[in-house]
Amino acid sequence: MKKAVVVGCKGQDGSYLVELLSGKGYAVLGIDRGLVTESLTDGPAVDIQDKAQVLNVVAAFVPDEVYYLAALHHSSEYVPLDECELARRSFEINTFALHNFLYAIATESPHARLFYAASSHVFGDPAENVQDENTPLNPVDAYGISKTAGVHLCRYYRSRRNVRCSAGILYNHESPRRSPAFVSRKVVRAAVRISRRIQQKLVVGDFDAMVDWGYAPDYVDAMWRILQLDEPDDFVVSSGAVHSVRELVETAFGFLGLDWTAYVEESPSITRKPRSCVLQGNSARLESRTGWRPSTSFRDMIREMVETETCNEL
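Presented here is a report on the structure given in the accompanying data block. Being a predicted model, the structure only gives us computed values, none of them experimental.

**Thoughts on the overall build of the protein**
Stage number 1. A count of helices and strands for the protein gives nine helices and 14 strands.
Stage number 2. Based on the C-alpha atoms only, the size of the protein along its principal axes is roughly 60 × 45 × 40 Å.
Stage number 3. Once local pairs closer than 6 in sequence are excluded, the contacts in the protein between residues at least 24 apart make up 77%.
Stage number 4. With an accessible surface of roughly 14,200 Å², the protein has 49% of that area assigned to carbon and sulfur atoms.

This is how it looks when you write it as structure tokens:
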């Protein structure tokens with residue numbers, strides 16, 4: 001029986017990953033916000049920012065695979081937060097705690113493989129219209145900078161300590177389990193609530209913003225496939241297609257028979273500084289090495305999110 005540690009097991013990706021691995025017969029140790037769960041049974045707490053505690057967990061469990069999905073996410077919509085504090089917290093979770101696991105694997109479980117969930121934000125505002133693994137890393141915000149540092153840490157441990165660690169450069173991916181703080185779930189939730197007359201209107205930041213949106217279970221499948229490869233590497237994980245926020249709104253409201261123009265307003269004041277380039281990924285390397293392909297279209301993903309949200313509001 002293979003053993004895996006999932007760091008961030010109760011988030012969108014982590015919850016799907018735990019289900020995927022359990023279905024494949026893995027013994028899964030989940031870690032989320034200090035709580036350790038083994039085979040979904042509550043266990044002792046661990047602070048991922050404490051090197052000694054991480055060393056103890058890895059030494060005791062001796063995993064075959066570690067999936068580092070923990071992250072301090074930054075919404076695309078403006079949230080007042082001290083810049084210094086935001087950067088500090090970003091590095092603590094997105095970089096330093098990752099380093100604890102890389103060090104623990106090198107020290108206590110050298111056969112283990114690690115997957116690091118990086119982000120398309122490592123590219124910042126790239127010159128290329130479509131990005132791949134050869135696109136220069138050029139982050140422009142604290143989230144992207146901390147995730148870029150995580151990618152470089154993986155490369156360092158790969159070359160200097162022979163740790164089999166791979167980074168997935170993940171583009172936006174959604175599902176019914178996405179937090180309402182993200183625009184996809186915010187739109188879907190508002191559409192359902194408006195259809196039930198619980199909510200009157202929805203305000204979004206930029207109708208014309210273009211996003212490469214994929215389906216979260218597909219991306220979790222990509223994570224697992226990447227760790228099955230003989231050699232570790234970095235991979236772009238994306239749908240390869242972009243859609244506007246306007247299209248997202250129109251699709252979600254359309255499934256509910258609503259004219260979105262009667263309920264949705266645009267307010268640029270709630271959006272962070274717009275990017276000069278659309279982040280759109282090319283997953284050709286991932287597809288050629290693993291056979292991975294997206295299984296769910298943008299429209300089908302939004303339909304599932306609307307149907308699930310409708311059931312949740314009953």
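**A short note on the nonpolar core**
Generally speaking, soluble globular proteins have nonpolar side chains that are buried together.
Stage number 1. Core analysis: the largest hydrophobic core is formed by 33 residues, its most contacted members being Tyr 68, Phe 101, Leu 114 and Tyr 116.
Stage number 2. Listing elements by their share of this core, those giving two or more residues are strand S1 (3–7), strand S2 (27–32), helix H2 (51–61), strand S5 (65–68), helix H3 (83–108), strand S6 (113–119), helix H4 (142–160) and strand S7 (164–170).
Stage number 3. For Phe 101, the contacting residues outside a window of four places in its chain are Val 5, Val 7, Ile 31, Ile 48, Val 54, Val 58, Val 66, Tyr 68 and Leu 114.
Stage number 4. One finds Val 28, Leu 69, Tyr 219 and Trp 224 within the second-largest nonpolar core, a separate group that totals 27 residues.

**Re the packing of aromatic side chains**
Stage number 1. In total, this model carries nine aromatic pairs according to the counting rule given.
Stage number 2. With centroids separated by 6.2 Å and ring planes inclined at 40°, the aromatic side chains of Tyr 68 and Tyr 116 adopt a geometry described as tilted. With Tyr 68 in strand S5 and Tyr 116 in strand S6, this pair connects stretches of sequence that are 48 residues apart. Of the two residues, Tyr 68 and Tyr 116, both sit in the buried class.
Stage number 3. Aromatic pair Phe 91 and Phe 96: ring centres 6.0 Å apart, planes at 35°, arrangement tilted.
Stage number 4. Under the relative-accessibility criterion, Phe 91 is labelled partly exposed at 23%.
Stage number 5. For Lys 3, the ring lying beneath its charged end belongs to Phe 61, and the centroid distance is 5.2 Å.
Stage number 6. Above the face of the Trp 224 ring, Lys 24 is positioned so that its terminal group lies 3.9 Å from the ring centre.

**Re the environment of Leu 258**
Stage number 1. One can find Leu 258 in the loop between helix H7 (245–255) and strand S14 (264–266).
Stage number 2. Between the C-alpha atoms of Leu 258 and Ala 191, which are 67 residues apart in sequence, the distance is 8.2 Å.
Stage number 3. If we skip the residues at most four places from it in the chain, Leu 258 touches Ala 191, Ile 194, Ser 195, Phe 253 and Tyr 263.

**Points about the pairing of S5**
Stage number 1. Every second residue of S5 is oriented toward a common face, with Glu 65 and Tyr 67 on one face and Val 66 and Tyr 68 on the other, all of them buried.
Stage number 2. As judged from the four bridges shared by S1 and S5, these two strands associate in the parallel manner. Looking at S5, one finds that Val 5 is bridged to Val 66.
Stage number 3. One ladder, built from four bridges, connects S5 with S6; its direction is parallel. In the strand pairing of S6, Tyr 68 is matched with Tyr 116.

**Some words on the side chain of Thr 290**
Stage number 1. Looking at the secondary structure, you find Thr 290 in helix H8 (residues 284–290).
Stage number 2. You can call Thr 290 buried: its relative accessible area is 16%.
Stage number 3. Here the side chain of Thr 290 touches Leu 286 through a polar contact of 2.7 Å, landing on its backbone oxygen.
Stage number 4. In this structure Thr 290 touches Arg 225 and Leu 229, once residues within four positions along its chain are discounted.

Thresholds, definitions, all that
- Residues numbered from 1 in each chain as written.
- Predicted model: local features only at pLDDT ≥ 70, side-chain atom pairs only at ≥ 80, totals over all residues.
- Heavy atoms only, no water.
- Helix = DSSP H or I, 4+ residues; strand = E, 2+ residues; numbered from the N terminus.
- Contact = heavy atoms within 4.5 Å.
- Areas by Shrake-Rupley, 256 points an atom, 1.4 Å probe, with all protein chains shown as cover.
- Core = buried A, V, L, I, M, F, W, Y, C linked by side-chain atoms within 4.5 Å.
- Buried < 20%, exposed > 50% of the residue type's maximum accessible area, 1.4 Å probe, protein only.
- Phe/Tyr/Trp six-rings, centres within 6.5 Å; stacked < 30°, edge-to-face > 60°.
- Lys NZ or Arg CZ within 6 Å of the ring centre and 35° of its normal.
- Pairing = 2+ DSSP bridges.
- Polar contact = N/O pair within 3.5 Å; in protein donor to acceptor, adjacent residues only side chain to side chain.

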